[in-house]
Amino acid sequence: MSNLPEIDTPFLLDFLTRLLNTASPTGNAEAAIALTEETLRAFPALTLGRTRKGALTATWRGDQDEGPRAVTAHLDTLGAVVKEVKSNGRLKLSKIGGFAWNTIEGEGCTVTSRAGRQVRGSILLTKASSHVFGAEVGEMKRSDETLEVRLDARTMSATETRDLGIGVGDFVAFDPRVELNAGFVRSRHLDDKACVAALVTAVKTLSEAGLKPARTTTLLISNYEEVGHGAAAGIPADVEELLVVDMAAVGEGQNSDEFHASLCVKDSGGPYHHEMSNRLRALAEKNEIPYRVDVYPYYHSDGEVWWNAGANAAVGLIGPGVDASHSYERTHTEALVATVKWVMAYLLDK
Ligand SMILES: [Zn+2]
């Protein structure tokens, strides 16, 4: 039987929606970090801090200080920066993070200038019109050469675009297009905002039930995961165990799905800590949490990053199943709730 307190699911979905609607491409994630910081401020048992890199930390004093733990999820997302202002006034992009160009074709976007001005636009093929280019539209290879941003502004030249204040290095955020239907959450960037929302909901649920972690635990909301060095810094050196909470890879051949949380036992960085993984399985079973065990074929996590940075600690990885990751993603409330429960069970575990 599970003794975990009841989760406020409307809060979980509302906070997740607000987070998804707050753009945070890697390198420009401050608005989403600030929103999370503001939300966690409601729980005075947490000591909040920032790393010099801009990540958010929250330390929660547990029943015991010995054998401290950490839990991490990342708030930064895929995105792009302006690589070049083209002579036709449109923008060439340089990718932030690993995704295929075709997954953003046709998407709306917001370009933020150095001065903070925001201009809306669309990501389109350089030869987008079927009436002009015929079959070429379908046949062109999607690449940084063949996709461009068309700004919703009167510009036909590089000079006119520069006059808008837009230039090389400006951040480009892709529209998340958040929709909640029949228990599903459909949006870009559920990776990994779904898990940040799960952590915040776990903190809220335990706090309001008058509970606290068994061990002193540091939460790290990291802001450079998608480019490979999120949790390289920010976790206290005395932490003995790190739980990474990040999306589970759903697709053909995968054991994960949108209705379960998954334990990843191995990804591109190799196996996770066997004893910790077994303990996480036992916790899920004891608390009747719907879970799967899986291996992710093309996947790196902040746990691997921390290990590579020299951490001498156990690392485990759990998270909700997310379909079509790094594309137009989707998960289900059941997977999110399972993840919150799993995080709570871990925090309370002696
Ligand atoms: Zn992720």
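That block above? That's the structure.
Residues numbered from 1 in each chain as written. Predicted model: local features only at pLDDT ≥ 70, side-chain atom pairs only at ≥ 80, totals over all residues. Heavy atoms only, no water.

(A) Spotlight on the packing of helix α1 (residues 9-20) against helix α6 (residues 190-208). Two numbers describe how α1 lies on α6: the axes approach to 9 Å, and their chain directions differ by 140°. Here α1 is positioned oblique relative to α6, judged by the angle of their axes. Between α1 and α6 lies a crossing of right-handed hand. Between α1 and α6, the contacting residues are Phe11, Leu12, Phe15, Leu16, Leu19 and Leu20 on the first element and Leu190, Lys193, Ala194, Val196, Ala197, Ala198, Val200, Thr201 and Lys204 on the second. Each residue belonging to the contact of α1 with α6 can be placed in one class, and the counts come to twelve nonpolar, one polar and two charged. (Axes fitted to C-alpha atoms, helices over the stretch in contact; angles between N-to-C directions. Helix = DSSP H or I, 4+ residues; strand = E, 2+ residues; numbered from the N terminus. Parallel < 35°, antiparallel > 145°, perpendicular 65-115°, else oblique. Left-handed = near helix turned anticlockwise from the far one by under 90°. Contact = heavy atoms within 4.5 Å. Nonpolar A, V, L, I, M, F, W, Y, C, P; charged D, E, K, R; others polar.)

(B) Local environment of the pattern of salt bridges. Per the stated rule, a full pass over the model turns up 24 salt bridges. Salt-bridge contacts for Asp14 lead to Arg18; the nearest nitrogen and oxygen are separated by 3.3 Å. On the criterion of helical spacing, the pair formed by Asp14 and Arg18 is a turn pair, its members being four residues apart in helix α1. Looking at Arg18, the relative accessible area reads 36%, which means it is partly exposed. In this structure, the salt-bridge partner of Glu241 is Arg279, at a minimum N-O distance of 2.5 Å. (Salt bridge = Lys/Arg side-chain N within 4 Å of Asp/Glu carboxyl O. Buried < 20%, exposed > 50% of the residue type's maximum accessible area, 1.4 Å probe, protein only.)

(C) Quick look at unusual backbone geometry. Residues Asp191 and Asp192 are joined by a peptide bond in cis, for which omega reads 10°. Along the polypeptide, Asp192 turns up in helix α6. The phi dihedral of Ala324 falls on the positive side, at around 55°, and the residue is not glycine. Within the secondary structure layout, Ala324 lies in the loop between β18 (314-323) and β19 (329-332). The class for Ala324 is partly exposed, based on a relative accessible area of 28%.

None of this, on its own, says anything about what the molecule does.
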